[in-house]
Structures are given as structure tokens and as C-alpha cells.
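Each chain is listed here by its residues.
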Amino acid sequence: MALGRSRGRDRTIDYWPGFVDALSTLLLVFIFLLSVFVLAQFFLTQEISGRDDALARLQAQIRALTDQLSLERAGQDEASSQIGSLRASLAALEKERSDLLDAVEAGASAPAELSAAQGQNAELNRQLAREKDATADAAQQIALLNQQIAALRKQVAALDEALNIAEKKDSESQARLTDLGRRLNLALAQRVQELTRYRSEFFGRLNAILGNRPGIRVVGDRFVFQSEIFFDRASASLRPESLPALDQIAAALIQLEKEIPSDLAWVLRVDGHTDDRPIQTPQFPSNWELSAARAIAVVQYLAGKGVSPAHLVAAGFGEYQPLDGTDSDEARNRNRRIELKLTER
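Here the structure is a predicted model, which means the values were calculated and not measured.

**What about the packing of helix α5 (residues 243–259) against helix α6 (residues 287–304)?**
The geometry of α5 relative to α6 is characterised by a closest axis approach of 9 Å and an angle of 60 degrees between their N-to-C directions. Overall, the two elements α5 and α6 adopt an arrangement that is oblique. Between α5 and α6 lies a crossing of right-handed hand. Facing α5, whose interface residues are Leu 243, Leu 246, Asp 247, Ile 249, Ala 250 and Leu 253, α6 presents Val 298, Tyr 301 and Leu 302. Considered class by class, the residues forming the contact of α5 with α6 number eight nonpolar, no polar and one charged.

Set out below in C-alpha cells:
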């Protein structure tokens, strides 16, 4: 009678670990989304930094060209001033020459004075020719400066256009990154919801198949099997009487593989757990090896029954994830277990 009541208590569903697992899954999803957001922010910062550097270089080129344009304008003003001076000198020389010609035409009485006036006239003609040549050179220099100024203005206009294009591209890139992050978050949320739905369906099937058997408990979104169902003490070889239950699990998994879309990454994780009593044999130097070997044995059997190995994971936890931390035989019996959990890859 007491044994019946004990088994009734074992079959009672403990919802609290399920809530803990659900919160853990949500936390993992949140951390993953946060990581994606941080990566997106990092790449956005890198791209913005590159754009800022390009904008800074363009602005530096514009400032340099503006300074050069100012120098060219100053040179043009100086050349214009020089041409004005040359023209004034040329006008003075022409006036002086005209005065001399008038004096000669008026008939200078002394031959010496006439000769001196002619010599002075020749010298003035030479100076006038030099002034004309200098004026022509200055005019050519001004024309060249005007061409350079026009070229500089074209360069400044091209740089302004390039700067506007760069700023427009930067704004478009930020908008694309924002939209990409939003769509990625939406896709991840949809994937999590979809996997949760298939997980519920799968464990609903297992619960209908195995839920009433002794030694099997549903803890949240996991099925917990006592190790004695599958293995003898200190052994990792499957017991023959446990194979029908594994066959039913394999059949449910094969059916699930047909239903879940191929682009949805999922696995059935088989976790092996032991109690805290140490083991040290040539085959199993510690509980790590024993728990891992038991999980691998279950995984290999399921794969042999047709379940895709890509959807199977074996994990050994040793004695370090107990369900019951008390020092009693009952607690140790609970802690020796195999857990099945459908999760994302």
C-alpha cells in the first residue's frame, strides 16, 4: 500500500522545473538576440567610422582646394595690380615720347640738342617695347591663373557632389541595417515559436506512449527515465527489456523528422546523469565517463533505428546536476537518470 502511494507521488507532474527551463530558454534567446544586436551595432559602427573617415578626407581636400583657390585669386589680384602699374608706366613713356617728338618737330635749333632728343627717343622706344612685352607676359599669366581657378572650382564642385553622395549612402546603410536587425529578430522569434510548438507535440506523443510507465517522469519539457530502466548498475550496456521503449521513442522521432521543416535546426539531447557515489573502473574511471557512455549508448541505438544522427546529441553530466541534493538512497535513485530534451541546435 505504501509502495502504491510512493509511485503515485513519483508520477505527479512537477511543473516548477518546466518553468525554470522555459525561463532558461527565454534567457538564452534573449542573450542570442542581444549578441546579434551587438554585432550589428559593431558592423554599423565600423561602416560609419569608415564613412566618417572618407567625409573627413573629402572635407580636407575641399579646404586645401579652397586655400589654393584663395592663393590663386591673390596671385591674380597681384598680377592685375602689376598690369595696372605697367600700363601707367607705358602711358607715361608714350607721353614723354610724344613730348620729344613734338620738340623735334618744333625744330630744335642746336644739332646737339636734336641728337640728344633722338637718343632719348630711341631709349624711350626700347623701354616702351620692354613695357609692352612685360604687359603681354602679365596678361598671359592672368589667363593661366583664370584657367587654374576654373579647374579648381570644378574640383570643388565634384568633391561637394561626392560628399553629398557619401552622406546619402551612409543614411541608406543605417536604414538597411535597422531593417535587417528588425527582420532578424522577427525571424528568430518565429523560429523559437515554431520549435516550441513541435517540442510540445513531440512530448505529447511520448507522454501518451510512455507517461504511465513506472520510473518515467515528465519534468517540464523533458522526459526523465531512471537509469535502471536502461542499464544495470555501473554499466553502459542497454538492457534488453528497455529496447521496446527506445523503439517507440525512435518511431516518434522519425515521424517528427518528417514534420519539422528542414531549415529549422533542432536536436534531441540525451543527457546522462549519475549519483554522487564515486566509480573507478578500467572502463569508467569516473562518473563523467559512465554518464557520457550511457548517453552515447542511447543515441547510437536511436540512430541504428533510423533516426538521423544530425538530430541527436549525447551529453554526460556525471553527478554534477542532481535533482535531489539530499544524502539519501532515495535521492540517489532520483539522480541516476537519462533525460531527453528537444531543443534548438
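**What about the nonpolar core?**
Formed by 26 residues in total, the largest nonpolar core has its most connected members in Phe 225, Ile 249, Leu 253, Val 270, Leu 302, Leu 312 and Leu 340. For this core, the secondary structure elements donating two or more residues are β2 (222–226), α5, β3 (266–273), α6 and β5 (337–344). It is α6 that contributes the most residues to this core, six residues altogether. Other than its neighbours up to four places away in sequence, Val 270 contacts Ala 295, Val 298, Val 299, Val 313, Ala 314, Ala 315, Ile 338, Glu 339 and Leu 340. Of all hydrophobic cores here, the second largest spans 11 residues; its members include Leu 55, Ile 62, Leu 69 and Leu 159.

**A word on a nonpolar patch on the surface**
Where nonpolar side chains cluster on the molecular surface, the patch consists of Leu 27, Leu 28, Phe 30, Ile 31, Leu 34, Phe 37 and Val 38 and spans about 690 Å² of accessible area. Relative to the elements of secondary structure, Leu 27 occurs in helix α2 (residues 15–105).

**Points about the side chain of Asn 335**
In this structure, Asn 335 sits in helix α7 (residues 329–335). Under the relative-accessibility criterion, Asn 335 is labelled buried at 6%. Separated by 2.8 Å, the side chain of Asn 335 and the backbone oxygen of Asp 324 make a polar contact. If we skip the residues at most four places from it in the chain, Asn 335 touches His 273, Thr 274, Asp 275, Pro 322, Leu 323 and Asp 324.

**Comments concerning the sheet that holds strand β4 (residues 312–316)**
Sheet architecture is open: five strands sit in the order β1-β2-β5-β3-β4, paired in mixed fashion. In this open sheet, the two edge strands, each paired with only one partner strand, are β1 (216–219) and β4. Strand-to-strand twist across the sheet, computed as the mean angle between neighbouring axes with direction ignored, equals 25 degrees. By the bridge criterion, five bridges tie β3 to β4 in an arrangement that is parallel. Residue Val 270 lies in a different strand from β4, and its bridge partner there is Ala 314. Lying on the sheet, α6 is in contact with β3, β4 and β5; it crosses β4 at an angle near 165 degrees.

**Concerning the pairing of β5**
Buried residues dominate β5, accounting for seven of its eight residues. Where β2 and β5 come together, five bridges link them in antiparallel fashion. Along β5, the bridge assignment pairs Gln 226 with Arg 337. Judged from the eight bridges that link them, β3 and β5 form a sheet pairing that is antiparallel. By the bridge assignment, Trp 266 is partnered in β5 with Glu 344.

What counts and how
Per chain, the residues get numbers from 1 upward, laid out in the order the sequence is written. A pLDDT threshold of at least 70 governs which residues receive local features in this predicted model, and a stricter bar of 80 or more applies before side-chain atom pairs are shown or counted, although totals over entire chains, interfaces and linings include all residues. Working from all heavy atoms in the structure, the side-chain values ignore hydrogens and water. The angle between two axes is taken between their N-to-C directions and runs from 0 to 180 degrees, where each axis is a line fitted to C-alpha atoms and a helix contributes only its stretch in contact. Helix and strand assignments follow DSSP, with helices taken as H or I runs no shorter than four residues and strands as E runs no shorter than two, numbered in order from the N terminus. Note on terminology: angles under 35 degrees are roughly parallel, angles over 145 are roughly antiparallel, angles of 65 to 115 are roughly perpendicular, and the others are oblique. For a crossing to be left-handed, the near helix must be turned anticlockwise from the far one by less than a right angle; the clockwise case is right-handed. Contacts are residue-level and defined by heavy atoms, with any inter-residue pair within 4.5 Å sufficient. We call Asp, Glu, Lys and Arg charged. Ala, Val, Leu, Ile, Met, Phe, Trp, Tyr, Cys and Pro are nonpolar, and the rest, Gly among them, are polar. The definition of a nonpolar core used throughout is a set of buried Ala, Val, Leu, Ile, Met, Phe, Trp, Tyr and Cys residues joined through side-chain atoms within 4.5 Å. Three exposure classes are used, based on accessible area relative to the maximum for each residue type with a 1.4 Å probe and protein chains only: buried under 20%, partly exposed in between, and exposed over 50%. Patches here: salt-bridge-free residues with over 30% relative accessible area, like charges joined within 9 Å, nonpolar side chains (Val, Leu, Ile, Met, Phe, Trp, Tyr) joined within 5 Å. Residue burial considers only the protein chains on display, and all accessible areas are found by Shrake-Rupley using a 1.4 Å probe. For salt bridges, the criterion is a side-chain nitrogen of Lys or Arg within 4 Å of an Asp or Glu carboxyl oxygen. Whenever two N or O atoms come within 3.5 Å, that pair is a polar contact, provided that in protein one can donate a hydrogen and the other can accept it, and provided that, for residues adjacent in sequence, both atoms are side-chain atoms. Pairing between strands requires that DSSP locate at least two bridges from one strand to the other.

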